[in-house]
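Chain by chain, the residues run as shown.
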Amino acid sequence: MSNPAGRAERIAIAVRPDGCAVAVYSDTVPFETLGRVTAMPRASLVEWDGSAREWIARDARTNEIVAHGRSREAVLRDEHDHYVDALLRGSLSSL
Amino acid sequence: MNIISHFTEISLEIRDKEALLAALTEMGYDGKVEVHDAPVVLIGYDGNPRVLRHDNVRAEIVIRRQHLWRAANDIGFARQADGTYTAYISEYDREVQPTWHTRLLQAHGIHVAQEQLRTLGCVGVELTRQEDGTVVISGVRYDDQAVSSFHV
């Protein structure tokens, strides 16, 4: 999808049948309109890897690399998309 | 510098009257919901007013017991000062219909999330239903200011 006006941010909110919701945090989304924010668990850690000379995003729970590259901005976007895709696949609806 | 992304976990609450009414319609109560400007008394299965801590239970949005299940009590949603709606569902009704309230919270939350994404100007807003009953509302927002991570 082209985006002549600027960057694109994918947003996904998983609304569960148990009365809770999960999303990847974004400053853009006013989550409080859905209810009471109960937790903000860490998703990943993005660090500069000096030996590989690139930015690496690792999953906070598994330490798996979820995104990497020379551009920090691109890694952040890929990392965000990784978790949005995981929400859509159903692998993250229960943290 | 480390950059950390986070998940957000939310305990769903009813805050949006229109979304609540839409959710109740989806659950089969179209034309069976009373909407009052001022709270009205809820009636119990025995025909008497429901009482909580010596006061009659009142709510602005009500489903009368004849529209619910056998031996049900009226269910009501009372608007609070902070804008949320408190659901008055008796202990008995929660026992015989244990998922009724959470299904309503989900249906309400889906409406609110869809409206949120539309308000943000998202395109391609869609719902994905998963096997466990979770519904994911997703879309794409185009903005020069789009930011999605904490920087610490």
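Just so it is clear, the structure is predicted and the values come from calculations on it, not from any experiment.

Quick word on the confidence of the model for chain A
Overall, the prediction assigns chain A a mean pLDDT of 89, with 91% of residues at 70 or greater. pLDDT under 50 marks residues 1-5 of chain A. Its contacts with residues more than four places away, or in other chains, come to six contacts.

Let's talk about the pattern of salt bridges
The final tally for this structure, using the stated rule, is nine salt bridges over all chains. Between A:Arg16 and A:Asp18 there is a salt bridge, with the nearest N and O atoms lying 3.0 Å from each other. Taking the relative accessible area as the measure of exposure, A:Asp18 reaches 40% and is therefore partly exposed. We note a salt bridge from B:Arg15 to B:Glu13, for which the minimum N-O separation is 2.5 Å. Here B:Arg15 falls in the partly exposed class, since its relative accessible area comes to 30%.

Remarks on the sheet that holds strand S5 (residues 58-63) of chain B
Adjacent strands of a sheet form backbone hydrogen bonds with each other and so pair up, either parallel or antiparallel. Residues and elements named next belong to chain B. Read from one edge to the other, the open sheet built from four strands follows the order S2-S5-S6-S7, with strand pairing classed as antiparallel. In this open sheet, the two edge strands, each paired with only one partner strand, are strand S2 (33-41) and strand S7 (85-88). This sheet shows a mean twist of 25° between the axes of neighbouring strands, independent of strand direction. Its contacts with the sheet put helix H1 (residues 17-29) on S2, S5, strand S6 (75-79) and S7, and the angle it makes with S5 is roughly 35°.

Details of the side chain of B:Gln114
Residue and element names in this part refer to chain B. Tracing the backbone through its elements, the reader meets Gln114 in helix H3 (residues 100-119). For Gln114, a relative accessible area of 16% translates into the label buried. Contact partners of Gln114, with chain neighbours within four places excluded, come to Leu127 and Ile137.

Here's the deal with the packing of H1(B) against H3(B)
Residue and element names in this part refer to chain B. Viewed as axis vectors pointing N to C, H1 and H3 meet at an angle of 125°, and their least axial separation amounts to 8 Å. In terms of orientation, H1 and H3 fall into the oblique class. Judged by the sense of rotation from one axis to the other, the crossing of H1 with H3 is right-handed. Residues Ala19, Leu20, Ala22, Ala23, Leu24, Glu26, Met27 and Tyr29 of H1 touch H3, and the partners they reach there are Trp100, Arg103, Leu104, Ala107, His108, His111 and Val112. Residues that form the contact of H1 with H3 fall into these classes: 11 nonpolar, two polar and two charged.

Quick word on the layout of surface pockets
If you add up the space inside the second largest pocket, you get close to 190 Å³. In this structure, the second largest pocket is lined by A:Pro17, B:Glu26, B:Arg103, B:Gln106, B:Ala107, B:Ile110, B:His111, B:Arg129, B:Gly133 and B:Val135. Considering every element that reaches the lining of the second largest pocket, the biggest residue donor is H3(B), with five residues. Partitioning the lining of the second largest pocket into residue classes produces four nonpolar, three polar and three charged.

Overview of the interface of chain A and chain B
Across the boundary between the two partners, chain A contributes 59 residues, which contact 49 residues of chain B. Interface area, chain A with chain B, both sides summed: about 4,900 Å², of which 56% is carbon and sulfur. At the junction of chain A and chain B, the tally comes to one salt bridge. Along the contact surface separating chain A from chain B lie 23 residue pairs in polar contact (both at pLDDT 80 or more). Contributing elements (two or more residues each) for the side of chain A that touches chain B: strand S1 (8-15), strand S2 (20-24), strand S3 (35-39), strand S4 (42-49) and helix H1 (72-89) of chain A. In terms of residue class, the side of chain A that touches chain B is built from 33 nonpolar, 13 polar and 13 charged. Note: S1(A) against strand S9 (residues 135-142) of chain B, eight bridges, orientation antiparallel. Considered in S9(B), the bridge of A:Ala12 is made with B:Ser138.

Conventions adopted
Residues numbered from 1 in each chain as written. Chains lettered and ligands numbered in written order. Predicted model: local features only at pLDDT ≥ 70, side-chain atom pairs only at ≥ 80, totals over all residues. Heavy atoms only, no water. pLDDT = per-residue confidence, 0-100. Contact = heavy atoms within 4.5 Å. Salt bridge = Lys/Arg side-chain N within 4 Å of Asp/Glu carboxyl O. Buried < 20%, exposed > 50% of the residue type's maximum accessible area, 1.4 Å probe, protein only. Pairing = 2+ DSSP bridges. Helix = DSSP H or I, 4+ residues; strand = E, 2+ residues; numbered from the N terminus. Axes fitted to C-alpha atoms, helices over the stretch in contact; angles between N-to-C directions. Parallel < 35°, antiparallel > 145°, perpendicular 65-115°, else oblique. Left-handed = near helix turned anticlockwise from the far one by under 90°. Nonpolar A, V, L, I, M, F, W, Y, C, P; charged D, E, K, R; others polar. 1 Å grid on protein atoms, 1.4 Å probe; cavity = no way out; pocket = protein on both sides within 12 Å on 5 of 7 lines; lining within 4 Å. Points joined across faces, edges and corners; volume = space filled by probe spheres on them. Buried area = accessible area lost by both parts, 1.4 Å probe. Polar contact = N/O pair within 3.5 Å; in protein donor to acceptor, adjacent residues only side chain to side chain.

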